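Listed here are the chains, written in short residue letters.
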Amino acid sequence: QRQAFGGGLVQAGGFLRLSCAASGRTISGYGMGWFRQAPGKERETVSAISWNGGNTYYADSVKGRFTISRDNAKSTVHLQMNSLKAEDTAVYYCAARRTPGLTTTPQAYHYWGQGTQVTVSS
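Parameters and conventions
- Residues numbered from 1 in each chain as written.
- Predicted model: local features only at pLDDT ≥ 70, side-chain atom pairs only at ≥ 80, totals over all residues.
- Heavy atoms only, no water.
- Helix = DSSP H or I, 4+ residues; strand = E, 2+ residues; numbered from the N terminus.
- Buried < 20%, exposed > 50% of the residue type's maximum accessible area, 1.4 Å probe, protein only.
- Core = buried A, V, L, I, M, F, W, Y, C linked by side-chain atoms within 4.5 Å.
- Contact = heavy atoms within 4.5 Å.

J.: Just to check I follow, could you spell out unusual backbone geometry for this structure?
T.: Peptide bonds are trans in most cases, and residues, glycine excluded, mostly fall at negative phi. One non-glycine residue, Ser 75, lies in positive phi territory at about 55°. With respect to the helices and strands, the residue Ser 75 is situated in the loop between strand S7 (66-71) and strand S8 (76-81). Residue classification places Ser 75 among the buried positions, given a relative accessible area of 9%. Here Ser 83, not a glycine, exhibits a phi torsion of approximately 50°, which is positive. Tracing the chain through its elements places Ser 83 in the loop between S8 and strand S9 (90-97).

Following this line, the structure appears as structure tokens:
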């Protein structure tokens with residue numbers, strides 16, 4: 001099971017660091033992604049990373065503010081979120097796919113963790 005945590009309430013301009021831990025399972029060889037869903041909106045891809053961190057993707061809306069990273073030895077993936085904006089408010093999910101490459105399509109991911117709420121007050 002993959003569990004995302006680290007969300008919370010923060011003022012605009014602040015920062016949060018989300019983490020995703022795979023309990024009892026390795027993430028080596030898995031492409032990983034972060035997604036978010038705001039009320040009344042579709043789930044969107046925020047960031048993704050290939051199995052060794054060699055390739056990364058960021059949505060235009062978060063480029064320059066968010067950084068994805070992974071530690072395969074610890075089976076964790078992180079999303080450092082800086083300069084947060086009110087429009088970043090959403091439930092954030094981490095997900096894994098059984099292939100090592102990078103993909104931005106949510107439907108391509110096989111395993112989803114429970115989300116963590118991020119609320120940015122303006």
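There's more to say after this.
J.: What's the story with the environment of Thr 105 in this structure? I'm lost.
T.: Here Thr 105 shows up in the loop between S9 and strand S10 (111-112). By relative accessible area, Thr 105 is classed as partly exposed at 37%. Considered as a pair, Thr 105 and Phe 66 are 39 residues apart in the sequence and their alpha carbons are 19 Å apart.

J.: Please explain the nonpolar core as it appears in this structure.
T.: In terms of nonpolar packing, the biggest core is built from 28 residues, with Met 32, Trp 34, Phe 66, Leu 79, Met 81 and Tyr 92 touching the most fellow members. Secondary structure elements with two or more residues in this core: strand S3 (16-22), strand S4 (31-37), strand S5 (44-49), S7, S8, S9 and strand S11 (116-121). Apart from the residues lying within four places of it in its own chain, the contact partners of Met 81 are Gly 14, Phe 15, Leu 16, Leu 18, Arg 65, Phe 66, Tyr 92 and Val 118.

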